[in-house]
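The chain contents come next:
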Amino acid sequence: MVSFEALYEEAQQYIPGGVNSPVRAFKQVGGAPVFFKKGEGAYVYDVNDKKYIDYVGSWGPMIVGHAHPKVIEAVVETAKNGLSFGAPTVSETALAKKVLEIIPSMDSVRMVSSGTEATMSAIRLARGYTGRNKIIKFEGCYHGHSDSLLVKAGSGLLTFAEPSSPGVPADLTQHTIVLEYNNPEELKEAFAKYGDEIACVIVEPIAGNMNCIPPSREFLQTIRDCCTDAGAVFIMDEVMTGFRVHKHSAQGLFNITPDLSTFGKVIGGGMPVGAFGGKAEIMAHLSPNGAVYQAGTLSGNPVAMAAGLATLELVSEEGFYDELKAKTDYLMDGIAKIFAKHDLPIHINHVCGMFGLFFTHQPVNTYKDALTSDIEFFKQFYHGLLERGIYLAPSAFEAGFLSNAHTYEDLDQTLKAIDETLADIKG
């Protein structure tokens with residue numbers, strides 16, 4: 001049997017922290033990360049062939065399950081003709097056409113290689129379009145690791161943000177205003193004070209990086225109204241929620257129309273793909289038609305386009321989201337009943353195939369609410385489930401995801417593992 005500790009120790013000799021994305025390092029839950037070698041349907045298999053029911057789904061993209069035959073076939077057949085050309089291909093047009101067909105708010109779309117690249121580019125475009133510098137983001141929302149977005153809140157209401165990472169110049173983050181998620185009144189105050197200086201507001205329509213926190217209808221509508229009145233650009237960051245919570249994404253679910261949208265994860269079907277797009281008058285400012293520069297050698301990679309198009313065709317099948325929602329509802333209802341049986345606190349947020357478990361007595365609507373979740377309990381809960389073959393994100397502040405590959409037998413097995421884990425914790 002291969003030791004994860006040994007694999008992790010070796011990885012750390014060559015890769016900073018032994019991982020290529022920080023949350024994979026198991027810092028919050030402790031221990032060595034699990035090393036995987038295979039995914040199939042709702043399951044992932046580690047290097048020792050242990051099988052896990054997967055609720056991470058590569059952090060969201062695997063909505064049709066791992067290694068779906070139609071996705072794999074599309075990737076293999078495309079790869080036979082070459083991996084990259086750095087030149088136009090018909091597959092780019094095909095995926096762009098499919099995205100615009102599904103997302104009515106978008107007149108055109110630019111493909112990129114990651115969600116970070118999509119949000120960074122959308123903000124640059126918003127600044128170029130408006131001629132303004134300031135942006136508004138919300139506490140607890142993550143939009144990638146570009147400089148303007150790696151910020152923490154200032155010391156008081158409506159103060160400008162401070163860098164949350166060394167290497168990020170304060171001169172950049174001084175243009176970022178951080179407000180409380182789900183607080184429409186604070187947003188109105190910000191626009192009253194800085195309205196004619198604000199280039200854009202960027203928001204996760206369902207927060208997924210402080211675990212899963214849905215928005216209030218009033219909050220999203222206030223963003224829309226304030227941006228319209230001030231001439232600012234409303235950017236809906238659907239990297240996580242795009243095609244995950246509804247066929248038409250969160251904007252379709254909540255019936256709110258943004259000016260620009262960003263996508264990732266599901267749009268690539270597991271391949272590194274991102275996209276941003278929106279109204280024609282804004283997108284016209286993007287190079288080569290306009291002066292706002294954005295480029296990428298591997299943007300529109302044909303293999304990635306094939307995976308994305310195959311995935312979007314699968315999720316577009318009738319009844320796909322009804323089935324996904326029913327399975328998520330079933331699992332969340334079961335979890336709530338088990339916690340009640342053990343007389344342990346939990347608050348559950350979920351929207352279609354996306355969910356969040358908070359170990360707290362109170363409702364969770366903001367970042368501060370999320371911080372009331374019991375992290376020590378989460379560690380015990382996490383490792384108890386991991387031992388029983390249930391794979392969750394190794395952080396109390398990351399959303400979980402279902403796929404339509406999950407069966408009700410998988411969900412029942414998960415509920416049984418949770419019941420046993422809680423009994424062990426109490427015992």
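Each residue is numbered by its place in its chain's sequence as written, counting from 1. Local features in a predicted model are, by the rule used here, given only for residues with pLDDT of at least 70; side-chain atom pairs are given and counted only at 80 or more, and totals for whole chains, interfaces and linings are based on all residues. Water and hydrogen atoms play no part in the side-chain values, which are based on all heavy atoms of the structure.

Where an unreviewed UniProt entry is consulted, the protein chain appears under the name Glutamate-1-semialdehyde 2,1-aminomutase, with the organism given as Wohlfahrtiimonas chitiniclastica SH04. UniProt positions are given in the numbering used here, feature names are shortened, and annotations may be inferred rather than shown by experiment. In its Subcellular location (unreviewed entry) section, the UniProt record describing the protein chain reads: "Cytoplasm". Per UniProt, the comment on the protein chain under Subunit (unreviewed entry) is "Homodimer."

Caption draft 1: Geometry of the environment of Ile-223. You can see Ile-223 is positioned in helix α7 (residues 217-230). Each residue is assigned to one of three classes by its accessible area relative to the maximum for its type, calculated with a 1.4 Å probe on protein chains only: buried under 20%, partly exposed between the two thresholds, exposed over 50%. Since its relative accessible area comes to 0%, Ile-223 is described here as buried. Between the C-alpha atom of Ile-223 and that of Val-201, which follows or precedes it by 22 residues, the distance is 7.4 Å. With residues up to four places along the chain from it excluded, the contact list for Ile-223 reads Phe-138, Leu-187, Val-201, Val-203 and Phe-234. The helix and strand labels rest on DSSP assignments: H or I over at least four residues marks a helix, E over at least two residues marks a strand, and numbering proceeds from the N terminus. Every residue pair with non-hydrogen atoms within 4.5 Å of one another is taken to be in contact.

Caption draft 2: Representation of the side chain of His-342. Relative to the elements of secondary structure, His-342 occurs in the loop between α11 (320-341) and β13 (347-351). A distance of 2.6 Å separates a polar atom in the side chain of His-342 from a polar atom in the side chain of Asp-419. Here a polar contact means two N or O atoms within 3.5 Å. Within protein one must be a hydrogen donor candidate and the other an acceptor candidate, and residues neighboring in sequence count only if both atoms are side-chain atoms.

Caption draft 3: Summary view of the sheet that holds strand β2 (residues 43-46). Pairing between strands is defined by DSSP: at least two bridges between the two strands are required. Taken together, the 4 strands give an open sheet; going across it, the order is β1-β2-β3-β15, and neighbouring strands pair in mixed fashion. Each having just a single partner strand, β1 (36-40) and β15 (390-391) make up the two edges of the open sheet. Bridge count for β1 against β2 is 4 bridges, and the pairing is antiparallel. Looking at β2, one finds that Glu-40 is bridged to Tyr-43. Running at roughly 100° to strand β3 (residues 51-54), helix α14 (residues 408-426) makes contact with β2, β3 and β15 of the sheet. Angles shown run from 0 to 180 degrees and are taken between the N-to-C directions of axes, each axis being a line fitted to C-alpha atoms and, for helices, limited to the stretch in contact.

Caption draft 4: Summary view of the UniProt feature "modified residue: N6-(pyridoxal phosphate)lysine" (unreviewed entry) in the protein chain. The UniProt record marks Lys-265 with the feature "modified residue: N6-(pyridoxal phosphate)lysine" (unreviewed entry), using the residue numbering of this structure. Relative to the helices and strands, Lys-265 is located in the loop between β11 (260-263) and β12 (274-278). Here the side chain of Lys-265 touches Trp-59 through a polar contact of 3.4 Å, landing on its backbone oxygen.

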